[in-house]
Amino acid sequence: MLIYLLRHGLTEYNAQKRYQGQRDIPLSAEGLSQLRRADIDPKVVYITPLQRTAQTARVLFPEAELVVVKDLQEMCFGSFEGKNYVEMEHDADYQAWVQANCESKCPDGERKDDFSNRICSAFSALVDKALADGEELLVILAHGGTQMAAMERYTLPRRDYYAWCGPNAGGYVLDAADWAEKRQLRLVKTVQYTKDAEAGV
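An unreviewed UniProt entry annotates the protein as Phosphoserine phosphatase 2 of Faecalibacterium prausnitzii.

### Concerning the overall build of the protein
Counting its secondary structure elements, the protein contains eight helices and seven strands. Taken over the C-alpha trace, the protein has a radius of gyration of 17 Å; the compact-globule value for 201 residues is 17 Å, and the two agree within 12%. Projected onto the principal axes, the alpha-carbon positions of the protein cover approximately 50 × 40 × 30 Å. Expressed as a percentage of its 201 residues, the buried residues of the protein come to 51%. Long-range contacts, defined here as pairs at least 24 residues apart, represent 66% of the contacts in the protein between residues at least 6 apart. Looking at charge distribution, the protein has the averaged site of its 24 positive side-chain charges lying 1 Å from that of its 30 negative ones.

### With respect to the UniProt feature "binding site: substrate" (unreviewed entry) in the protein
The UniProt record annotates "binding site: substrate" (unreviewed entry) at Arg7, His8, Gly9, Leu10, Thr11, Glu12, Tyr13, Asn14 and Arg52. Tracing the backbone through its elements, the reader meets Arg7 in strand 1 (residues 2-7). For Arg7, a relative accessible area of 14% corresponds to the buried category. For Arg7, the side chain forms a polar contact with the main-chain oxygen of Gly166, separated by 2.9 Å. Its location among the elements puts His8 in the loop between strand 1 and helix 1 (12-15). Accessibility expressed as a relative area gives 2% for His8, which makes it buried. Apart from residues no more than four positions distant in its own chain, His8 is found in contact with Asn14, Gln20, Leu27, Arg52, Thr53, Thr56, Leu141, Ala142, His143, Asn168 and Ala169.

Conventions used here
- Residues numbered from 1 in each chain as written.
- Predicted model: local features only at pLDDT ≥ 70, side-chain atom pairs only at ≥ 80, totals over all residues.
- Heavy atoms only, no water.
- Helix = DSSP H or I, 4+ residues; strand = E, 2+ residues; numbered from the N terminus.
- Rg over C-alpha atoms; globule rule 2.2 N^0.38 Å.
- Buried < 20%, exposed > 50% of the residue type's maximum accessible area, 1.4 Å probe, protein only.
- Contact = heavy atoms within 4.5 Å.
- Lys, Arg positive; Asp, Glu negative; His and termini not counted.
- Charge placed at Lys NZ, Arg CZ, Asp CG, Glu CD.
- UniProt positions renumbered as here; feature names shortened; annotations may be inferred.
- Polar contact = N/O pair within 3.5 Å; in protein donor to acceptor, adjacent residues only side chain to side chain.

See below:
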């Protein structure tokens, strides 16, 4: 079975390098116009409750049924959401969080370990079900944080959490042949479903 683990398209918050987290930010006009239909046609695509994932999925996979999985949604950054690092350079809470390698609890938000456990629990349940059902393809379209958490824990070759954040409307194709025995996935290739990527720009 192949797994496609994808990130939503571009938003204004992405362009402004703001922490989106669980704010329900839509795709920007630019982000929407960049998208192109994917080269696969899954029956089902798993998304999150945040509209940027559904908007992206409707362009990439117009024939697919979209199924919401709440626990795949992005990390809650608490009081940091809606702001960028420039606006918070004198914020003591933010500076303490950065100095802790962003692994301490965000004020009113999540701790990175708790977030990763939430993502990996939801992700592994979807992989288990797809394999049990004899599926050949599993498509998840979520967030950068979703990718980083699942890829760090399960994917070979091993890479650091932050190394796994894919581009907007892009992500990873994974081989699940070793999942049942070893709870491991192997990276097959990267993909990006934007018009400029297709044109090789």
